[in-house]
Amino acid sequence: MPLLDAITAFVRVAELGSYTRAAEALELSRTRVSRLVMQLEAHLEVRLIQRTTRRLHLTEAGERYLARAQGILQALEDAEAEVGAGSTEVKGRLRLNGPMSFGTRHLAPQVVRFMVEHPDLDVRLDLNDRRVDLLEEGYDLAIRIGVLPDSSLVARRLARCRLLLCASPGYLAAHGEPESLEALAKHRCLRYRTGAGTEWQLGGRRLAVQGPLDSNNGDVLTLAAEAGLGIVHQPSFLVTESIRSGRLVPILTDEAPVTLGIHGVFPARRHLPAKIERFLDFLAAAWGDPPVWERELGLSPISQQ
């Protein structure tokens, strides 16, 4: 039995509460993960996990062993990072997560460029709009946009982007252009679904808006705005191409924009692996200030406004 493999399998099963999810995270078969855990139990001569048809839970011995095992794996990871800290070589596996729309437009192309420059790097890139648990799901790094909640994670800001108010030429011809933020209350507004409900945060305050569509996906709202269904308040990375092509027109451009931070978020550790540090540097340089998609619109750096 490879003891380290068995310890890793046990920790992943315990953290994720599932042999199937642990197998997916470790990219092993469920049978292999189950066998490793059983071999570890035989080696220790103690039951670590109680299994039933519906769920599993740790025994008292399993709880004690988990705490120690997690420390062992973290110490090994820190040792590996420390040994490689002075090296500029980028290699090994990098597990990334990012938001769907931003990821397809601006993260994935940079991942590909970085991999071309570092052919010994093996990347797993997952894109979705849910807030993943980096520790439980085994990610090295996540790209997150907006306000970050307090956590045990470390964040590095890589870029900032504006939220832009936009509408199609057809909508503005039919309904007129709002002359103030308050006038938005009389317009059809296409809303991104958040905890804020039917309010938009603009000009340092929340404004009640209404309209025919709300969605949890910005691409849907952008498409609806292009069709003339209403006004959107969307990140610049979503609407740049629509503005450049003339399908959308920015409005109320004299108002100070809401800005969002684009962060790289990773678990706290004593020594950041070279592959993560170099990739974060690469992203910050590639996106810039203002980010490249805002430079395409002729916008100045946010810090200068």
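The structure we're discussing is the one just above.
Residues numbered from 1 in each chain as written. Predicted model: local features only at pLDDT ≥ 70, side-chain atom pairs only at ≥ 80, totals over all residues. Heavy atoms only, no water.

J.: Give me the lowdown on the overall build of the protein chain, citing residues and values where you can.
T.: For the protein chain, the count of helices and strands is 11 helices and 13 strands. The C-alpha extent of the protein chain, read off along each of the three principal axes, is 75 × 45 × 30 Å. Residues counted as buried form 44% of the 305 residues belonging to the protein chain. Considering only contacts within the protein chain whose residues lie at least 6 apart along the sequence, 69% involve residues at least 24 apart. (Helix = DSSP H or I, 4+ residues; strand = E, 2+ residues; numbered from the N terminus. Buried < 20%, exposed > 50% of the residue type's maximum accessible area, 1.4 Å probe, protein only. Contact = heavy atoms within 4.5 Å.)

J.: Any chance you could break down the pattern of salt bridges for me, citing the residues and the numbers?
T.: Here the structure, examined in full by the defined rule, presents 14 salt bridges. Here Glu182 ties to Arg205 by a salt bridge, and the two come within 2.2 Å at their closest N and O atoms. Here Arg205 lies in strand E9 (residues 205-208) and Glu182 lies in the loop between helix H7 (169-175) and strand E7 (189-192), a separation of 23 residues in the sequence. Taking the relative accessible area as the measure of exposure, Glu182 reaches 46% and is therefore partly exposed. (Salt bridge = Lys/Arg side-chain N within 4 Å of Asp/Glu carboxyl O.)

J.: I'd like to hear about the pairing of strand E6 (residues 153-167), residue by residue, with values.
T.: Relative to strand E13 (residues 259-267), E6 is paired through nine bridges, and the arrangement is antiparallel. Bridge pairing links Arg157 to His263 in E13. Both E6 and strand E11 (residues 231-235) contribute to a ladder of four bridges, which runs antiparallel. Bridge assignment links Leu163 to a residue of E11, and that residue is Pro235. Here E6 runs beside strand E12 (residues 249-250); their pairing, made up of two bridges, is antiparallel. Directly across from Ala167, in E12, lies its bridge partner Val249. (Pairing = 2+ DSSP bridges.)

J.: With reference to specific residues and values, describe the nonpolar core.
T.: One finds Ile143, Ile262, Phe279 and Trp287 to be the most contacted residues of the largest nonpolar core, which totals 38 residues. Not counting residues within four places of it along the chain, the set of residues in contact with Ile143 comprises Asn97, Gly98, Pro99, Phe102, Leu107, Leu158, Ile262, His263, Gly264, Leu283 and Trp287. Among the nonpolar cores identified, the runner-up in size contains 22 residues, and Val11, Val33, Leu48 and Ile49 belong to it. (Core = buried A, V, L, I, M, F, W, Y, C linked by side-chain atoms within 4.5 Å.)

J.: So, unusual backbone geometry: which residues are in play, and what are the values?
T.: The linkage connecting Asp289 with the following residue, Pro290, adopts the cis geometry, with an omega of 0°. Of note, Pro290 is situated in the loop between helix H10 (274-287) and helix H11 (292-295). Although it is not a glycine, Glu45 adopts a positive phi angle of roughly 60°. Relative to the assigned elements, Glu45 resides in the loop between helix H3 (30-44) and strand E1 (49-51).

J.: Break down the pairing of strand E3 (residues 92-98) for me, with residues and values.
T.: In the sheet, E3 pairs with strand E4 (residues 121-127) via seven bridges, with the strands oriented parallel. Within the sheet, the bridge partner assigned to Leu96 lies in E4 and is Leu125. In terms of handedness, the path from E3 via helix H5 (residues 100-117) over to E4 forms a crossover that is right-handed. In the sheet, E3 pairs with strand E5 (residues 141-145) via two bridges, with the strands oriented parallel. Counterpart to Leu96 in the pairing with E5 is Leu141. (Right-handed = clockwise from strand over helix to strand, strands pointing away.)

J.: Tell me about helix H8 (residues 218-226), residues and numbers included.
T.: If you check which residues of H8 are buried, you get Gly218, Leu221, Thr222, Ala224 and Ala225. One side of H8 holds all its buried residues, which, seen down the axis, span an arc of 160°. Those residues of H8 that are buried are in contact with E7, strand E10 (214-215), E11 and helix H9 (236-245). Here H8 starts with a cap whose side-chain oxygen sits 3.0 Å from the backbone nitrogen of Asp219, and that cap is Asn217. Taken from the residues just after H8, Gly228 is the one with a positive phi, measuring 90°. (Arc of directions from axis to C-beta. Polar contact = N/O pair within 3.5 Å; in protein donor to acceptor, adjacent residues only side chain to side chain.)

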